[in-house]
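Tertiary structure, described
These are the residues of each chain, in order.
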Amino acid sequence: MGRMVQATIRNCKNIRQADISIELGSLNIKYAPNGTGKSSLADGVVFAITQDEALGRRIVPFEDRLSDSPQGFAQTGLDVFNSVEKFDEDYISRVVFAENTLFSDGFNVFVKTDMYTQTLHSLESILSEVKTTILDTELTALKRAVEGAIEGISSGKGLTKKNELAASAHAKKGLESGNPKASISPEYSPFSPFITTDRFEKWSKWHRDGEALLEEPESICPFCGDDFTEKRAAIMSVSTHYPSLSASHLSKLLGGIALAEEYFDAETKDDVSSIVNSPKSLTDAQLNYLAEIVAQASTIKTALDRGLQLGSFFHLASLGNDISSTVTNCKIDLSLTKHFSSEKTQKAVATYNSKLDSLLAKSGELLGIVNRQKDHLARSLEGYTGYINSFLSSAGYPYQIELQALGEDQCQVALKHDCSYTVEDAEKSLSYGERNALSLIFFAHSMIGKKPDLIILDDPITSFDGSKRFAILDMLFLRKRDEGKEKLPPPATLKGKTVILLTHDYGVVFEIEHTLKSKFSPLATTYHLHTSAGCLKETILAKDDMQPVRKLYAKLAKQSDDSLIKYVYTRRLLELSDEKSEAWDILSSLFHHRDNATLEDGSTPLSPSQIALGTKTIEELTDATFDYHTELARISDLEEMLRTFDSCCCNYEKLQIARIALDKHVDDCFDSKTLSETVHVDNGYLWQLDPRKFEEIPNRLVKRYRTLMTEKLSDTEASL
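Everything in this summary refers to the structure shown in the same document. Small disclaimer: the values here were computed from a predicted structure and weren't measured. Within each chain, residue numbers correspond to sequence positions counted from 1 in written order. Residue-level local features of this predicted model are given only where pLDDT is at least 70; pairs of side-chain atoms are given and counted only at 80 or more, and the full residue set underlies all totals for whole chains, interfaces and linings. Hydrogens are left out, water is left out, and the side-chain values use all remaining heavy atoms of the structure.

1. Observations regarding the packing of aromatic side chains
Applied cut-off: Here a Phe, Tyr or Trp ring, Trp counted by its six-membered ring, pairs with any other such ring whose centre lies within 6.5 Å, and the pair is stacked when the planes are under 30 degrees apart, edge-to-face when over 60, and tilted otherwise. A run of DSSP states H or I qualifies as a helix once it reaches four residues; a run of E qualifies as a strand once it reaches two. Both are numbered from the N-terminal end. Residue burial is assigned from relative accessible area. The probe radius is 1.4 Å, only protein chains are included, and a residue is buried under 20% of its type maximum, exposed over 50%, and partly exposed in between.
Per the stated rule, a full pass over the model turns up 21 aromatic pairs. A centroid spacing of 6.2 Å and a plane angle of 25 degrees characterise the contact between Tyr569 and Tyr652, whose relative ring orientation is stacked. Placement of Tyr569 in helix H25 (residues 563–575) and of Tyr652 in helix H30 (residues 651–661) is noted, with a sequence separation of 83 residues between them. The same class applies to Tyr569 and to Tyr652, which are both buried. Connected via pairs of aromatic rings, a cluster forms that spans Tyr31, Tyr506, Phe510 and Trp687.

As structure tokens, this is what we get:
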């Protein structure tokens, strides 16, 4: 048995105080009917560990939100946990069924395993010098410079198939009529401070946008209010002589050249300056010269981009065994890029090429690591696929999943129907149970990598029938690694982890405690939760507490102190028989306040011999003398029934008494139906819990029907 944590939570939603036990490294089942406070308990535990502010606001009890002096949340015992993960409806909506994939966190769960990460570290240790060099300030500046040249001259589009500048290139558009800054006509000389500086583009746009205001007959400047009649012709022609679009192209061209010029060799730098500062239109030779610069800049950029790709496992994996030639192709040959041969360029490139030479010497080692990683990834994805598909098959779901690592941070999780159809809109195509099962699978697998201190499963299995429920429990807590598959990822088991499983489904508890208990290692522990006046308490529920139902009712029929309670359990015992006997007819008539015992139809009286036989059976089952009319007088007395109600030792018996007492008094259809359904609830199992030890009926329901009995008693007294 692991270490036991005793925890207390106070002032959380509808819980004023909850005292719970958590065994570390084990499965802790917390079982209770709906409305007990299981989800409130889960939220309180999560908040105690995470201190999430938004959750903290949501768990404040409603009455405290209206109070001037609210009692704040408090907890003890949960400080041993540093991390927690919870599976619930919110997890399903946040993580599963994302666009284009079933599971948005697929890469981190199925690809980024511990071994994958360790191998990446080995790769990075070899590639670190190259990556560091590429990201170094000098090489980063060189990359930015060649990109600037490409963008500035060709508009970032590179060259055409004929290795020429495209018609939309900044160089062609900006220098279509030469550089307008190089030769300024006298009439435009007043604008020189704008034309010759980096304000040229903004100034030309400003003129273009404001020209519409100058088309009015009066020659008044809208900016300063002066008369500009004498300058009107020159002003109105600015947008024609200095079009804003050309100014924009020229500005981008000059900006790109400025980024690259310190990496040009001296001759290229002078030639480029002469070309871009000429007042004349570009010649074909000049256009070819600029195209040549773009081509060489692209050669350098391509080499650097290839170098950066060396840091990607998926890129290296796609190369097969040809890593050496790939590394060689990352090198920069300055003899082929003579326009970029300044001393600064040579220094940066020499360092870069030197690191690549060192990497080439380790290419064999690099190839070995890459191949091992490829093998591990293939086996890992195969293992995960096998585990999940095995579960889907054993649970009877007509689906299989396919996992494919697509690249950095990308893993496609596809769902295929048995007919080979790929389900594209799984969220809308699958049933609630199918969505829940897939979500639970992905959650369980994600816990392998996250390794939280505590895992909370909030009613995860309720939607599954018997075979599917067993398959889920087997996957989560029982499955072991297959022999001979040690290198595969571990199965999606939460075995050995600290888990709280919250459920209102008795079937889950029965499956674990009665059927599978011996298969759990470490053993699972089940707790029955009950809330009274806002205080949640728990009782350990073991296999021995699940008693054969006939034996249980027979015992309760004899041991109960109150005769009416004896008859309640006797009737339940008789109901288990295939045929309803005279004894059942007698008790049914009694509970329905009939003046005399009848058959089930309520009108055919029982014969004296039938009554005698039924009475004998009742007395044998209860070890008590039975008198029909004495008991009838008692159940007809609401005041007496209220006293009996209050003296009952459990809520189940209280509601049985309420149902009998109110049989003739409940006019409201909802109340009548609720009472009848509540006391007739049968989980369908041949082993059930003693209702005197385990409260299955919430106090709010008991309070509701006590109030109803009191009201009916008052009405009866008032009518007398």
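The rest of the description comes next.
2. Quick notes on the pairing of strand E1 (residues 4–12)
Our working definition: Being paired, for any two strands, means DSSP has found at least two bridges between them.
Pairing analysis gives eight bridges linking E1 to strand E2 (residues 15–23), with the strands arranged antiparallel. Looking at E2, one finds that Ile9 is bridged to Ala18. The loop that links E1 with its antiparallel partner E2 comprises two residues; one of these, Lys13, has a positive phi angle of about 55 degrees. In the sheet, E1 pairs with strand E4 (residues 74–76) via three bridges, with the strands oriented antiparallel. Within the sheet, the bridge partner assigned to Arg10 lies in E4 and is Ala74.

3. Looking at the side chain of Thr36
Operational definition: Whenever a nitrogen or oxygen atom comes within 3.5 Å of another N or O atom, the pair is scored as a polar contact, on the condition that within protein one atom can donate a hydrogen and the other can accept it, and that pairs from neighbouring residues in sequence are kept only if both atoms are in side chains. Only heavy atoms enter the contact rule, under which two residues are in contact if any of them lie within 4.5 Å.
With respect to the helices and strands, the residue Thr36 is situated in the loop between strand E3 (27–31) and helix H1 (38–50). On the basis of relative accessibility, which here comes to 8%, the residue Thr36 falls in the buried class. A distance of 2.6 Å separates a polar atom in the side chain of Thr36 from the backbone oxygen of Pro33. When sequence neighbours within four positions are dropped, the list of residues in contact with Thr36 reads Asn14, Leu529, His530, Thr531 and Leu536.

4. Quick word on the sheet that holds strand E7 (residues 410–417)
Here three strands make up an open sheet; going across it, the order is E6-E7-E8 and the pairing antiparallel. Edge strands, defined here as strands with exactly one partner in the open sheet, are strand E6 (399–407) and strand E8 (422–423). Two elements, E7 and E8, share two bridges in a ladder whose sense is antiparallel. Pairing of Lys416 across the sheet is with Thr422, part of E8.

5. A look at the packing of helix H7 (residues 137–154) against helix H15 (residues 284–309)
Under the convention used in this document: Helix axes are fitted to C-alpha atoms over the stretch in contact, other axes to C-alpha atoms as well, and angles between N-to-C directions run from 0 to 180 degrees. An angle below 35 degrees is treated as roughly parallel, one above 145 as roughly antiparallel, one from 65 to 115 as roughly perpendicular, and anything else as oblique. Here a crossing is taken to be left-handed if its near helix is turned anticlockwise relative to the far helix by less than a right angle, and right-handed if that turn runs clockwise.
Contact geometry of H7 with H15 gives a least axis separation of 9 Å together with a crossing angle of 140 degrees. It follows that H7 is oblique to H15 by the angle criterion. In this structure, H7 meets H15 at a crossing whose hand is left-handed. Here Leu139, Leu142, Lys143, Val146, Glu147, Ala149, Ile150, Ile153 and Ser154 of H7 come into contact with H15, specifically with Leu290, Ile293, Val294, Ala297, Ser298, Ile300, Lys301, Leu304, Asp305 and Leu308.

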